[in-house]
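# Structure assessment
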Amino acid sequence: MTPEFQAHIARLLHHRKAGLGQGDPVVPPIIASATFHLPSVQTGGHIYGRNGNPSWDAVEAQLAILEDAETVSFPSGMAAIAAALFATLKAGDRLIIPSDGYYVTRVLSDGFLKPLGIDVQAIPTTSYATADFTGAAVVYLETPSNPGLDVVDIAAVAARAHKAGAKVIADNTTMTPLLQRPLDLGCDLVVAADTKAPAGHSDVLFGHVAGRDGALVSRVRDWRRMAGAIPGPFEAFLVHRGIETLEVRLDRMCSSAGLIAGRLAAHPGVTGLRYPGLADDPSHWAVGGQMANGGFLIGFELADAGVAESFLSRCPLIEQTTSFGGTHTAGERRARWGDAVPEGFIRLSVGVEPAEPLWAAIAAALPG
Ligand SMILES: *Cc1c(COP(=O)(O)O)cnc(C)c1O
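Quick look at the structure, then. (Residues numbered from 1 in each chain as written. Predicted model: local features only at pLDDT ≥ 70, side-chain atom pairs only at ≥ 80, totals over all residues. Heavy atoms only, no water.)

This next bit is on the nonpolar core. Core analysis: the largest hydrophobic core is formed by 30 residues, its most contacted members being Val59, Leu66, Leu178, Val239, Ile243, Leu250 and Phe296. Among the elements that take part in this core, helix H2 (residues 54–67) stands out by supplying 5 residues, more than any other. The contacts of Leu66, once residues within four sequence positions are left out, are Ile9, Leu12, Pro177, Leu178, Arg181, Ile243 and Leu246. (Core = buried A, V, L, I, M, F, W, Y, C linked by side-chain atoms within 4.5 Å. Buried < 20%, exposed > 50% of the residue type's maximum accessible area, 1.4 Å probe, protein only. Helix = DSSP H or I, 4+ residues; strand = E, 2+ residues; numbered from the N terminus. Contact = heavy atoms within 4.5 Å.)

Structure representation (structure tokens):
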């Protein structure tokens with residue numbers, strides 16, 4: 001993080017100060033009102049709970065600082081992704097998506113966009129570098145991809161996509177805006193599941209879309225108002241609280257992930273280890289450039305499904321869940337969902353536990 005970016009991020013914790021009056025709560029209140037006092041429609045302020053809510057305003061102000069862009073919040077990462085796609089596509093358009101990224105994005109595209117006349121083309125993350133974007137309306141990328149941790153050169157892909165006349169949407173969930181800045185690298189919209197590291201406590205689903213083109217972000221906001229995919233005020237409150245500690249949690253998670261990845265790589269029972277932070281990883285070239293560090297996700301293989309399941313159930317410091325980015329270290333065998341990975345492939349999301357006891361528990365659960 002550059003000193004300028006650190007100074008920018010320090011504002012996150014104080015973003016409400018300038019708007020506070022004597023006796024106002026420092027923490028944003030949960031405003032659970034569907035209706036707002038509205039004697040006139042002329043005078044601004046809140047109108048109706050589907051249009052806006054002060055609890056969303058608080059978290060959107062934080063996200064706007066994080067993204068350095070206008071931000072629209074959603075009740076889940078998928079609601080944000082759907083909004084970005086429906087706001088940018090029309091019948092006859094071609095959409096390029098990763099064949100190895102978050103699978104629900106693919107299922108949504110195939111099941112709901114294709115029938116509306118959108119030509120959905122899924123390509124591997126590693127082929128974005130050379131793919132022909134001619135005729136594409138939207139190039140949607142995810143880097144590092146979940147769960148394979150392959151990366152694309154965001155600036156290069158955005159430049160080529162723009163040359164072809166396409167808009168570029170980046171799913172930045174695996175990195176967060178603290179570790180990777182797709183809008184600075186030329187993307188038109190960023191989408192993210194704040195369910196993961198930003199909220200960070202595995203107790204809420206949330207998402208957002210951010211962008212610097214006012215007309216495009218307005219269209220995303222209109223989609224939210226018309227589709228009705230709106231976050232709840234309590235969820236917004238939880239995410240606001242989570243984001244206050246995002247930077248310190250990521251610091252621990254990423255440094256522990258670096259340590260654990262190196263030790264896993266040296267373990268005789270482990271193969272196919274992927275962690276962009278390791279010097280010999282195929283994605284390592286992006287670390288120190290578009291990625292601030294190697295992140296908190298590790299992929300690796302154990303001998304087969306049985307060995308992998310037994311490792312996960314034996315390790316007392318790994319929660320067996322399907323999400324990532326939370327305070328608890330979490331792991332799962334991705335093939336159980338049909339991801340195109342080997343049967344014994346595990347995605348490990350490193351949490352905030354002290355690193356040495358975490359490694360000791362992992363080492364003790366690994367096969368002989
Ligand atoms: C989890 C995830 C999503 C979806 O987020 P939800 O909040 O579960 O809807 C989208 N993209 C990526 C990369 C994810 O990991």
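Take the packing of helix H3 (residues 77–88) against helix H4 (residues 103–113) next. Contact pair H3 / H4: the axes reach a minimum separation of 11 Å and the direction vectors enclose 45°. The angle between H3 and H4 places the two elements in the oblique class. Helix-helix and strand crossings are classified by hand; for H3 and H4 the assignment is right-handed. Contact with H3, carried on its side by Met78, Ile81, Ala82, Leu85 and Phe86, involves Val104, Thr105, Leu108, Ser109 and Leu113 of H4 and no other residues of that element. Here the contact of H3 with H4 is composed, by residue class, of 8 nonpolar, 2 polar and no charged. (Axes fitted to C-alpha atoms, helices over the stretch in contact; angles between N-to-C directions. Parallel < 35°, antiparallel > 145°, perpendicular 65-115°, else oblique. Left-handed = near helix turned anticlockwise from the far one by under 90°. Nonpolar A, V, L, I, M, F, W, Y, C, P; charged D, E, K, R; others polar.)

Outside of glycine, negative phi angles account for most residues, and trans bonds account for most peptide bonds. For the bond from Thr143 to Pro144, the omega torsion is -10°, close enough to zero to count as cis. Its place among the elements puts Pro144 in the loop between strand E4 (138–142) and helix H5 (154–163). A cis amide bond links Asn146 to the next residue, Pro147, at an omega of 15°. Its location among the elements puts Pro147 in the loop between E4 and H5. Unusually for a residue other than glycine, Leu149 sits at a positive phi of about 65°. As for its position among the elements, Leu149 is in the loop between E4 and H5.

Let us look at the pattern of salt bridges. Inspection of every chain in the model, using the stated rule, returns 17 salt bridges. For the salt bridge of Arg334 with Glu332, the shortest nitrogen-to-oxygen distance reads 2.5 Å. Given a relative accessible area of 1%, Glu332 falls into the buried group. The salt bridge partner of Arg336 is Glu332, with a shortest N-O separation of 2.7 Å. (Salt bridge = Lys/Arg side-chain N within 4 Å of Asp/Glu carboxyl O.)

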